[in-house]
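Breakdown of the fold
What follows is each chain in one-letter form.
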Amino acid sequence: MTADFTTAKPTPDLAFISQHLFTAILWVNDELVITWLNAQAEQLLAISSERLLNQSILTLLATDELKLDERAALALNPDQLDNHCALTERFHQAQQYQQPFIDHDHIIKTPLNGNLPLSVDYSVTPVIYEQQPYFIIEMWGKDRQSRISEEQRQQQQYNVARHMLRSVAHEIKNPLAGIRGAAQLLQRQFIKFSEATALHNPPSSAISDINSGANPAPNGDKQLQKTAQKLRSYTDIIISETDRLTHLIGQFLGSNQLPNWQMLNIHEPLEHVLTLVLNQYPQVTLQRDYDLSLPELCADKDQLIQVFLNLINNACESMTEFEQTLQQNAPAKADQLPSDILHSNLEVEKTYQPKLHIQTRVAFQHTIGSQQHKQALQVSITDNGSGIDAALIGQIFFPMVTSRAAGTGLGLSIVQDIISCHHGMIDVSSNKAQSANPNSNPSYNYNNSQTRFTLYLPFKQPATDA
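Anyway, here's the lowdown on the structure attached to this text.

Cut-offs and rules
Residues numbered from 1 in each chain as written. Predicted model: local features only at pLDDT ≥ 70, side-chain atom pairs only at ≥ 80, totals over all residues. Heavy atoms only, no water. Helix = DSSP H or I, 4+ residues; strand = E, 2+ residues; numbered from the N terminus. Buried < 20%, exposed > 50% of the residue type's maximum accessible area, 1.4 Å probe, protein only. Contact = heavy atoms within 4.5 Å. Pairing = 2+ DSSP bridges. Axes fitted to C-alpha atoms, helices over the stretch in contact; angles between N-to-C directions. Phe/Tyr/Trp six-rings, centres within 6.5 Å; stacked < 30°, edge-to-face > 60°. Expected span 1.5 Å × (residues − 1). Arc of directions from axis to C-beta. Core = buried A, V, L, I, M, F, W, Y, C linked by side-chain atoms within 4.5 Å.

Describing the overall build of the chain
Across its full length, the chain holds 15 helices and twelve strands. Within the chain, the fraction of its 466 residues that count as buried is 37%. For the chain, restricting intrachain contacts to residue pairs at least 6 apart in sequence, the fraction spanning at least 24 positions comes to 68%.

Structural notes on the sheet that holds strand 2 (residues 34–37)
Strand order in the open sheet formed by five strands is 2-1-5-4-3, and the pairing between neighbours is antiparallel. Because the sheet does not close on itself, it has two edges, and the strands there are strand 2 and strand 3 (101–108). Between one strand axis and the next, the sheet turns through 30° on average, direction left out of account. Two elements, strand 3 and strand 4 (residues 118–129), share six bridges in a ladder whose sense is antiparallel.

Things to note about the packing of aromatic side chains
Overall, the coordinates contain six aromatic pairs when judged by the stated rule. Plain terms: the ring middles of Phe91 and Phe101 are 5.7 Å apart, the flat faces sit at 85° to each other, and that makes the pair edge-to-face. Here the residue Phe91 occupies a position in helix 7 (residues 86–97), and Phe101 occupies one in strand 3, the gap between them amounting to ten residues. There is no split in this pair, since Phe91 and Phe101 are both buried. When the centroid spacing of 5.0 Å and the interplanar angle of 90° are considered together, the rings of Phe91 and Phe135 count as edge-to-face. In this pair, Phe91 is assigned in helix 7 and Phe135 in strand 5 (residues 132–141), connecting sequence segments 44 residues apart. As far as burial versus exposure is concerned, Phe91 and Phe135 are alike and both buried. Among the aromatic side chains, those forming a connected cluster through ring pairs are Trp27, Tyr129 and Tyr134.

Quick word on helix 7
Every α-helical turn comprises 3.6 residues, leaving residues that sit three or four positions apart pointing alike. Look at helix 7: 16 Å from first C-alpha to last across twelve residues, which is about the 16 Å you get at 1.5 Å a residue. Those residues of helix 7 lying buried are Leu87, Thr88, Phe91 and Ala94. Viewed along the axis of helix 7, the buried residues span an arc of 125°, placing them on a single side of the element. For helix 7, the exposed residues lying more than 90 degrees away from the buried face are Gln96 and Tyr97. Gln98 occupies a position one or two residues after helix 7 and carries a positive phi of about 50°.

Some remarks on the nonpolar core
For soluble globular proteins, the rule of thumb is that nonpolar side chains tend to be buried together. Counting residues in hydrophobic clusters, the biggest one holds 44 residues, and the most contacted among them are Phe308, Leu311, Ile312 and Leu356. The set of elements that each furnish at least two residues to this core consists of helix 11 (267–278), strand 8 (297–299), helix 12 (301–328), strand 9 (355–368), strand 10 (371–383), helix 15 (411–421), strand 11 (425–431) and strand 12 (450–458). The dominant element in this core, judged by the number of residues it contributes, is helix 12, at eleven residues. With 29 residues, the next largest nonpolar core counts Leu87, Ala94, Ile108 and Leu112 among its residues.

A few points about the sheet that holds strand 9
Strand order in this open sheet of five strands is 7-9-10-12-11, and the pairing throughout is mixed. Either end of the sheet is taken by a strand with one partner, and the two such strands are strand 7 (285–289) and strand 11. Averaged over all pairs of adjacent strands, the angle between their axes in this sheet comes to 20°, without regard to strand direction. Against the sheet, helix 11 touches strand 7, strand 9 and strand 10, its axis set at about 155° to strand 9.

Encoded structure:
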């Protein structure tokens, strides 16, 4: 009789496997307390594990039930109690009968992530582990696929529009050079004509003619000189406007210089730009929320400085313009004294404070285009200016589209180009402020409006571009 030896195979580390899944997973005990979660759950819920651990799962899935600590303290009839505690009861029944259940189109809205609504599908599976009852909760973001599809669609539209604009810019650039050259030649002819006229009739000869009693030179030459000077001013306008259009087309075409890839700390270009911009806007309150443990990323430092310069400068200008609009629309009376007007402006300053919030984080299991990244850099730039109109949100990165009166519509287009060159993506969200007239709603808090630009960049660039 021979012994049957079997080779023992190592058991896979399930926690390790769970950390690399695309599905958000939470491990909940029989008291409905979260005891473990994977990185994708943190990413989906936008809440760190430190804040979620030891929290009740009802904090995410049924906030109303969490508030019912003591049923007797609420003057509710049994039907109301059953409605309020339906999810808790479903957990208990799932545990009792070992029967999983699924909920679709559930809206998560919790103070842990700033009450931002999140639509998810989730399943609850009761299990027995080491003779103790637990629940495995799996979550899928409803907006994940729609977000990826929308980003890909917008990127395709942007690429098509960008290609068309560049083709048109190339066609315009050559004629502009010809117009400028012709204007310069014409200007030289006018200069020569003016000099020749001045030599033919010098001022000294005109004075001697007057002293001798002779008739001065006819006014025709003087008129020709004035006409030549006027025409020369016209050529100056043609040249200056041609230069302006050439510069504008250069911005359309973008830089042909290849990125200078280098390893850098993302906070270096951020702090460089903040030092430059905030000196011009001392009234803006800066809030830094940096993750100093971020690894270095491969990027072009000068191009990132250009990105942050455009975004932060836009944010500060938006807040400054919004504050000025609030002051102009502050309640005023016909018999108001200058001191009263000053007092009204001070009241506006008390009710509205420009705030710029900069946050750096690691985004886990984040999809950029068609590429899934285990880790990506996330930089959020948030301001409480007037916001962006909802009709412009989907077009804000297209050239010549701007929400500001003094904007050119090219800054964000350049930002999009640079981020795309870095194989990253940029997202924008904004809740536009109500009417900037304090008379319309004196109790409205204008600090609640905010615009957030979120950048996602891979820490490493593809080897083909290195």
